[in-house]
Amino acid sequence: MDVGWWGVLIAVLGGAIRIGTPFLFVSLGECLTEKSGRINLGLEGTLVMGAMTGYAVSLHSGSPWLGVLCAGLAGMTLGALHSWLCSFKRVNDIAVGIAMMLFGTGLAFFLGKPYIQPSAPRLPSIDLGAWSDIPQLQAALQINALFLIGIVVAVVLAWMLKHTAWGLKVRVVGESADAARALGLPVHRIRILSTAQGGFLAGIGGSYLSLYYPFNWSEGLSSGQGLMAVALVIFARWHPIGCLWVSLLWGGAAALGPSLQSVGITGGYYIFNAIPYIMTLAVMIITCSPKRTLVGVPHDLTVSR
Amino acid sequence: MSTSNKLTRRQLLTGTAAAGALGLWGGLPWPDRAWGADKVKMGFIFVGPRDDYGYNQAHFEGKSAVAKLDWVKAFDEEKVPETIEVQKTMESMVKLDGAQVLFPTSFGYFDPHILKVAPQFPNIQFLHCGGLYQEGKHPQNVGSYFGYIDESQYVAGIVAGGMSKSGKLGFVAAKPIPQVLRNINNYTLGARSIKPNTTVNVIFTGDWSLPVREAEATNSLVDQGIDVITCHVDSPKVVITTAEKRGIYCTGYHCNQSKLAPKGYLTGAEWNWAKVYMDYAELIRNRQPIPHLVRGGLKQGLVKVSEYHQIVPGAVRNQAEAAKAKFMSGSMVVYKGPIKDNTGRVVIAAGKEHVQTDIWLESMDWLVEGVVGSTKS
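Owing to the predicted nature of the structure, the values given are computational and were not obtained by experimental measurement.

## Brief notes about the overall build of chain B
Link 1 in the chain: Summing up its helical and strand segments, chain B has 10 helices and 17 strands in all.
Link 2 in the chain: The buried share of chain B, reckoned over its 377 residues, is 57%.
Link 3 in the chain: Long-range pairs, those at least 24 residues apart, make up 69% of the contacts in chain B with a sequence separation of at least 6.
Link 4 in the chain: In the structure as shown, chain B presents an accessible area of about 15100 Å², 54% of it carried by carbon and sulfur atoms.

## Considerations on helix 7 (residues 211-223) of chain B
Link 1 in the chain: Between the first and last C-alpha of helix 7 of chain B there are 18 Å, a value that for 13 residues agrees with the 18 Å anticipated at 1.5 Å per step.
Link 2 in the chain: Directly beyond the C-terminal end of helix 7 of chain B, a positive phi value near 95° is found at Gly 225 of chain B.

## As for the packing of aromatic side chains
Link 1 in the chain: Considering all chains together, one arrives at 22 aromatic pairs over all chains under this definition.
Link 2 in the chain: A centroid spacing of 6.4 Å and a plane angle of 50° characterise the contact between Phe 109 of chain A and Trp 217 of chain A, whose relative ring orientation is tilted. With Phe 109 of chain A in helix 4 (residues 93-112) and Trp 217 of chain A in the loop between helix 9 (187-211) and helix 10 (225-235), the pair connects residues that are 108 residues apart, well separated along the chain.
Link 3 in the chain: A network of ring pairs unites the aromatic residues Phe 44, Phe 103, Tyr 145, Phe 146, Trp 271, Trp 273, Tyr 277 and Tyr 280 of chain B as a single cluster.
Link 4 in the chain: Geometry around Tyr 212 of chain A places Arg 122 of chain A over its ring, the cationic atom sitting 5.6 Å from the centre.
Link 5 in the chain: Sitting over the ring of Trp 71 of chain B, Arg 285 of chain B keeps its end group 4.0 Å from the ring centre.

## Examining the sheet that holds strand 4 (residues 125-129) of chain B
Residues and elements named next belong to chain B.
Link 1 in the chain: Strand order in the open sheet made by the 6 strands is 2-1-3-4-5-11, with parallel pairing throughout. Edge strands, defined here as strands with exactly one partner in the open sheet, are strand 2 (72-77) and strand 11 (293-296). Strand-to-strand twist across the sheet, computed as the mean angle between neighbouring axes with direction ignored, equals 20°.
Link 2 in the chain: Looking at chain direction, strand 1 (residues 40-45) and strand 2 are connected through 6 bridges and run parallel. Each residue of the ladder has a partner; that of Lys 41, found in strand 2, is Lys 73.
Link 3 in the chain: Here helix 2 (residues 55-67) sits on the sheet in contact with strand 1, strand 2, strand 4 and strand 5 (142-147), set at roughly 155° to strand 2.

## Some words on the pairing of strand 9 (residues 249-254) of chain B
Residues and elements named next belong to chain B.
Link 1 in the chain: Of all 6 residues in strand 9, 5 are buried; the element is thus mostly enclosed.
Link 2 in the chain: One ladder, built from 2 bridges, connects strand 8 (residues 228-232) with strand 9; its direction is parallel. Paired with Val 228 across the strands is Tyr 249, a residue of strand 9.
Link 3 in the chain: For the crossover that starts at strand 8, traverses helix 8 (residues 237-246) and ends in the parallel strand 9, the hand is right-handed.
Link 4 in the chain: Examined bridge by bridge, strand 9 and strand 10 (residues 265-271) share 5 bridges and lie parallel to one another. What sits directly across from Cys 250, in strand 10, is Tyr 265.

## Let's talk about the pairing of strand 8 of chain B
Residues and elements named next belong to chain B.
Link 1 in the chain: With respect to burial, strand 8 is a largely interior element, 5 of its 5 residues being buried.
Link 2 in the chain: A two-sided burial pattern is seen for strand 8, the buried positions comprising Val 228, Thr 230 and His 232 on one face and Ile 229 and Cys 231 on the other.
Link 3 in the chain: As defined by bridge partners, strand 6 (residues 168-173) adjoins strand 8 across 5 bridges and the pair is classed as parallel. Bridging from a neighbouring strand, Phe 171 pairs with Thr 230 of strand 8.

## Considerations on the side chain of His 254 of chain B
Residues and elements named next belong to chain B.
Link 1 in the chain: In this fold, His 254 is placed in strand 9.
Link 2 in the chain: Residue His 254 is classed as buried on the basis of its relative accessible area of 2%.
Link 3 in the chain: Reaching out from His 254, the side chain makes a polar contact with the side chain of Trp 271 at a distance of 3.0 Å.
Link 4 in the chain: When residues no more than four places from it in sequence are discounted, the contact partners of His 254 are Gly 54, Tyr 55, Ala 58, Val 233, Asp 234, Pro 236, Ala 269, Glu 270 and Trp 271.

## Some remarks on the environment of Ile 124 of chain B
Residues and elements named next belong to chain B.
Link 1 in the chain: For Ile 124, the location among the structural elements is in the loop between helix 4 (110-117) and strand 4.
Link 2 in the chain: In this structure the C-alpha to C-alpha distance between Ile 124 and Ala 99, which are 25 residues apart in sequence, comes to 7.6 Å.
Link 3 in the chain: Ignoring anything within four residues of it in the chain, the contact list for Ile 124 reads Val 94, Ala 99, Gln 100, Val 101 and Asn 141.

## Quick notes on unusual backbone geometry
Residues and elements named next belong to chain B.
Link 1 in the chain: In this model, Asp 111 is joined to Pro 112 through a cis peptide bond whose omega is 10°.
Link 2 in the chain: In this structure, Pro 112 sits in helix 4.
Link 3 in the chain: Cis rather than trans, the peptide bond between Gly 337 and Pro 338 has omega equal to 0°.
Link 4 in the chain: In this fold, Pro 338 is placed in the loop between strand 13 (335-336) and strand 14 (339-340).

## Quick word on the pattern of salt bridges
Link 1 in the chain: Summed over all chains, the structure comprises 15 salt bridges over all chains.
Link 2 in the chain: Taking the shortest distance from any N to any O, the salt bridge between Glu 216 of chain B and Arg 18 of chain A comes out at 3.0 Å. With one member in each of two chains, Glu 216 of chain B in helix 7 and Arg 18 of chain A in helix 1 (residues 6-35) form a pair that bridges those chains.
Link 3 in the chain: Taking the relative accessible area as the measure of exposure, Glu 216 of chain B reaches 1% and is therefore buried.
Link 4 in the chain: Measuring nitrogen to oxygen at the nearest pair gives 3.1 Å for the salt bridge that ties Asp 150 of chain B to Arg 182 of chain B. Of the two residues, Asp 150 of chain B is situated in helix 5 (residues 150-163) and Arg 182 of chain B in helix 6 (residues 178-194); the sequence distance between them amounts to 32 residues.
Link 5 in the chain: Bridged by salt links that share partners, the residues Lys 113 of chain A together with Arg 50, Asp 51, Lys 63, Asp 76 and Glu 78 of chain B form one connected network.

## Topic: the interface of chain A and chain B
Link 1 in the chain: Each partner contributes to the interface: chain A provides 45 residues, whereas chain B provides 39 residues.
Link 2 in the chain: The closest approach of N and O atoms between Lys 113 of chain A and Glu 78 of chain B, which form a salt bridge, is 3.1 Å.
Link 3 in the chain: Taken together, the links from chain A to chain B amount to 16 residue pairs in polar contact (both at pLDDT 80 or more).
Link 4 in the chain: The leading source of residues in the side of chain A that touches chain B is helix 1 of chain A, at 6 residues.
Link 5 in the chain: Within the side of chain A that touches chain B, the residues separate by chemical class into 21 nonpolar, 20 polar and 4 charged.

Criteria and thresholds
- What you see as residue numbers is a count from 1 along each chain, following the sequence as written.
- Chain A is the first chain written and ligand 1 is the first ligand written, with later ones labelled in order.
- Given that the model is predicted, a residue must reach a pLDDT of at least 70 before its local features are reported, and side-chain atom pairs must reach 80 or more before they are shown or counted; all residues, however, enter totals for whole chains, interfaces and linings.
- Side-chain metrics rest on all non-hydrogen atoms present in the structure, leaving aside hydrogens and water.
- Note on conventions: DSSP H or I runs of at least 4 residues are helices, E runs of at least 2 residues are strands, and numbering of each starts at the N terminus.
- When a residue's accessible area, from a 1.4 Å probe over protein chains only, is under 20% of the maximum for its type it is buried; when over 50% it is exposed; and in between it is partly exposed.
- By definition, residues are in contact when any of their heavy atoms lie within 4.5 Å.
- In short, Shrake-Rupley with a 1.4 Å probe defines the accessible areas, and a residue's cover is counted only from the protein chains shown.
- For a helix, the expected span equals 1.5 Å multiplied by the residue count minus one.
- When two rings of Phe, Tyr or Trp (its six-membered ring) have centres within 6.5 Å they constitute a pair, described as stacked for plane angles under 30 degrees, edge-to-face for angles over 60, and tilted for the intermediate range.
- Whether a charge sits over a ring comes down to the Lys NZ or Arg CZ being within 6 Å of the ring centre and within 35 degrees of the ring normal.
- Note on pairing: DSSP must find at least two bridges between two strands before they are called paired.
- Here an angle of 0 to 180 degrees is reported between the N-to-C directions of two axes, which are lines fitted to C-alpha atoms, with helices fitted over the stretch in contact.
- Here is how to tell: hold the view so the strands point away, follow the path from the first strand over the helix to the second, and if it runs clockwise the crossover is right-handed.
- Polar contact is defined as a pair of N or O atoms within 3.5 Å, subject to the rule that within protein one atom must be able to donate a hydrogen and the other to accept it, and that residues adjacent in sequence are counted only when both atoms are side-chain atoms.
- Salt bridge, as used here: a side-chain nitrogen of Lys or Arg that lies within 4 Å of a carboxyl oxygen of Asp or Glu.
- In this classification, Asp, Glu, Lys and Arg are treated as charged, Ala, Val, Leu, Ile, Met, Phe, Trp, Tyr, Cys and Pro as nonpolar, and every other residue, Gly included, as polar.

Geometric descriptors of this kind do not, in isolation, establish any biological role.
Pasting the structure below:
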């Protein structure tokens, strides 16, 4: 069926889901970590490690879902390591994050050597487009359960942060460690738990890349999704539901470049491919003001202190 | 005692032929090998992982083929960046492993790295994969080898064109550099040689390894109704598996990816470095001069075409085989005028032809009529 220019819209819709899902998981992880007052720049390493672990476990066990779980656990370990290191006096979380980023990617490349060539079992997809008789739309709406799980996680996380005692504790620790200590809250333990959970989500984001889309383990797999997540969280104003919209927007924007070329807009593809980054920069610039802090920013973050 | 025994035997074996040719040697100077060293030692350097289903794997397969010979000792190092790192690797391969010949396989290794290290080891051969060596300008112990893989792309284009129902093919390419454009143009000309209305939709991703964008490009092309796809990126794995998932045909690149797409892998353009490396090993063993430039396509065995998928019907196979036979006999000229580019400009006038070795083709900056795409970034 000839869809012509509608192809761009279909690609943006499909891309929002396909490309956006790993961003969703990583940004939710980063959101939770930052809510507790820490920045984990190491999520890029966590993502790559998760991608490798997921692929390897799926290959050996034959179960891609077990791979996803193990990717989460690997991410959790890296997250816990980051926050444990940060709980020492005068240790800067950004510096540790950069070290963890290099450590995570390096370790994943080292251990992932034997998994570049073999083909692991892929995560199954769900056909949400069966109602349509347009094959292109059907393909775009072929989604993975992880996307739906991501939406649920975003909603639950938003609810928990706002309405539960646990969420309140995380927020207090993130707003002011001193106040939290005065209340008798275990600041380090809460931060370690939040960062470890954040790492778990980022690891799952990585396994989506290797086990579903683009479905491959290679050393060039990540194109900085883990780092972009930090910007996306600011973009989303530290709100989990915001993370969902921002990830979808980002995914759709990333799909624009190739799809425009496919319909014959052949010039300027470097610019079109850079649209997501330009968009992020623009939002950062527009929302930054020396006169006020951003809405929703945890005040104990090293960058906002 | 045993050393001198070997010495005599080796001299006898290499014998009079080598001695006679000694005076005529115009090629590369020979390493002062210890006579006792009886294996040909070859070092290979790759820029990426050995098993990427792509460029590096193709070279690694070549290395593995020579390594099987019992009179060759081959070693390699992968993922060596095109920086001072490769200089260190080359030095250690010569000094520690005793390499007599080095094959730094990545394009970016040549200038300045090989050019810097080669003069320090005048007795070691540095053979670079790519077209950068120039006689007289570069050191005597440097040479280059490269294959015309666009010949295989022409044949693959015929198969793709023959199998396409929509008459629309897709090409996911990294960057609009001459080598890539030549592949796109050959693929298109091959397809149009049997079905003149075929179009080839090209998407440039902007870099050699961008898995997510390669997958997006493939999906977008399928959405536009293309039903056979190929690519020129470092590792075709993502394009091939995505095409298979979308249920369209594909043709491979660099090496054989039929395992990744058992249903849709029609054929593919592959390197055959085993042939090149075997030839070099023979030359070194027989102490014959090594040519500075090794070039060739299907005829010389430097490139090959993957075995056709069983669903490719006899008629299409015959057309592909006929073109292949013309390449093998050397009578094929792909760039024979009149040829227009995709903006309508005549780039090769009627009656004019550019044979495969024509240097003019190596500065290609246009896309042939039938390609939907632009070289402008």
